[in-house]
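Architecture at a glance
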Amino acid sequence: MSVNPLQPQPFFADKNRAFWQLQSLGWLGTFVLRGASGVANGQDLSFLVPVLISTVTGYSVTLLMAVIFRALLKQRPIITWGASIVAVVASAALCAFIDAWVFATQNQSSDTAGLQLFLGAFYLTVTLLGAWSALYYAINFFLTVEEQADQLQRLELQASNAQLAMLRYQLNPHFLFNTLNSISTLVLLKQTDRANAMLSRLSSFLRYTLINEPTAQVTLEQEVETLKLYLEIEKMRFEDRLRPAFHIDPAVAHARLPSLLLQPLVENAIKYAVTPKEEGAEISVMAQPAGENVRIVVSDTGPGLNEIAARPSLSTGVGLANIRDRLFQAYGERHSFDARSTPGGGFSVTIEMPLITEESTKVAA
């Protein structure tokens, strides 16, 4: 994928480039400020010569200090701070000696003592180099914190993706076992045509589930097509006892959701509504807008929760608990999940989640 060369990059994306820019701009600013201060106080323009030499000296010495500090960053704190203070004092003494010598050479007629010149220059230089050192360590501390935060974010994302993959992979063996058991029954009953048709549909369904990443998202339209393929497989077992119906509002057809999110709901409906009733049951999948969310309702006309033997709990196998976990991983607190019996019998699960339609970085095939 090509990268837009005009796209702004973080200033510290290239640490080496950022250092040289700050180093050059900082010392240039120091020269300008000291020069402007001298000119404003009535100094002759020749005053700029020692200021320039002092700036070049400071620029060069701080390059050496940067090398020392870079090595000290890896040491224990007591060694780092102790050696840093020694480096600042020694560097300030060197710069002050050079500044005093330049001033004395340029102003030989001055009565100012050499020690007095040295101490005056040392006070100014040690303050300047101390500020430079504090800024150097502050920037490195900031970059270290940012790097650790980025690393933590990457690790959290990897953990989240791994958990999503684990939850997704819990679904396939469960469904696969049931379907293969049905195919085995058809073979034993010598209903080879139906067994072959079920194997063909199972192959198509597994191709869809295996070709996509476990953490991918699909459109609601794709999810419904997958459900229809799954129900074709189950209809081979239940025939007219299984009566599915889909009511999908076109406004939410392109809403994105985790792949195979609704399949265990339909699977539970078949298990607890269609299987125990001789006349079977209807299974309805409805989706419609709900403000800024999309509301999805999967319901059946089975026994609901009123018949304990038929549907003993809300957590049927890995199904409903799995969906709760996947929704939380995908949307955090921005979703709702409600499972309850419907008036007059039956069971329904209502999911509300953000209505997101833009393309994601992980889109299922």
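Structure's up top.
Residues numbered from 1 in each chain as written. Predicted model: local features only at pLDDT ≥ 70, side-chain atom pairs only at ≥ 80, totals over all residues. Heavy atoms only, no water.

Let's shift gears to the pairing of strand β6 (residues 336-341). Relative to strand β7 (residues 347-354), β6 runs antiparallel, the two sharing six bridges. Counted as the bridge partner of Ser 336 is Glu 352 from β7. Between the antiparallel neighbours β6 and β7 lie five residues, among them Gly 344 with a positive phi of about 85°. (Pairing = 2+ DSSP bridges. Helix = DSSP H or I, 4+ residues; strand = E, 2+ residues; numbered from the N terminus.)

Before going further, it helps to examine the sheet that holds strand β5 (residues 293-300). Strand pairing in a sheet relies on backbone hydrogen bonds, with the paired strands running either antiparallel or parallel. Across the sheet, five strands lie side by side as β2-β4-β5-β7-β6; this open sheet has mixed pairing. Of all strands in the sheet, those with a lone pairing partner are β2 (242-248) and β6, marking the two edges. Taken pair by pair, the neighbouring strands of this sheet meet at an average axis angle of 10°, ignoring direction. One ladder, built from seven bridges, connects β2 with strand β4 (residues 281-290); its direction is parallel. (Axes fitted to C-alpha atoms, helices over the stretch in contact; angles between N-to-C directions.)

Turning our attention to the environment of Gln 288. By secondary structure assignment, the location of Gln 288 is in strand β4. You can call Gln 288 partly exposed: its relative accessible area is 28%. Sequence separation of Gln 288 and Val 252 is 36 residues, and the distance between their C-alpha atoms is 6.2 Å. Those residues in contact with Gln 288 that sit more than four places away from it in its chain are Asp 249, Val 252, Val 294 and Arg 295. (Buried < 20%, exposed > 50% of the residue type's maximum accessible area, 1.4 Å probe, protein only. Contact = heavy atoms within 4.5 Å.)

Before going further, it helps to examine the packing of helix α1 (residues 15-40) against helix α2 (residues 48-72). The interhelical angle for the contact between α1 and α2, taken along N-to-C directions, is 155°, at an axis separation of 10 Å. Between α1 and α2, the crossing angle belongs to the class labelled roughly antiparallel. Considering the relative orientation of α1 and α2, their crossing is right-handed. Across the interface between the two elements, Phe 19, Trp 20, Gln 23, Ser 24, Trp 27, Phe 31, Arg 34 and Gly 35 from α1 touch Leu 48, Val 51, Leu 52, Ser 54, Thr 55, Gly 58, Tyr 59, Thr 62, Leu 63 and Ala 66 from α2. Residue composition of the contact of α1 with α2, grouped by class: 10 nonpolar, seven polar and one charged. (Parallel < 35°, antiparallel > 145°, perpendicular 65-115°, else oblique. Left-handed = near helix turned anticlockwise from the far one by under 90°. Nonpolar A, V, L, I, M, F, W, Y, C, P; charged D, E, K, R; others polar.)

Time to look at the side chain of Thr 57. Checked against the element boundaries, Thr 57 lands in helix α2. With relative accessibility at 12%, the residue Thr 57 sits in the buried group. Of note is the side chain of Thr 57, whose polar atom sits 2.8 Å from the backbone oxygen of Ile 53. (Polar contact = N/O pair within 3.5 Å; in protein donor to acceptor, adjacent residues only side chain to side chain.)

Purely geometric numbers; function is a separate question.
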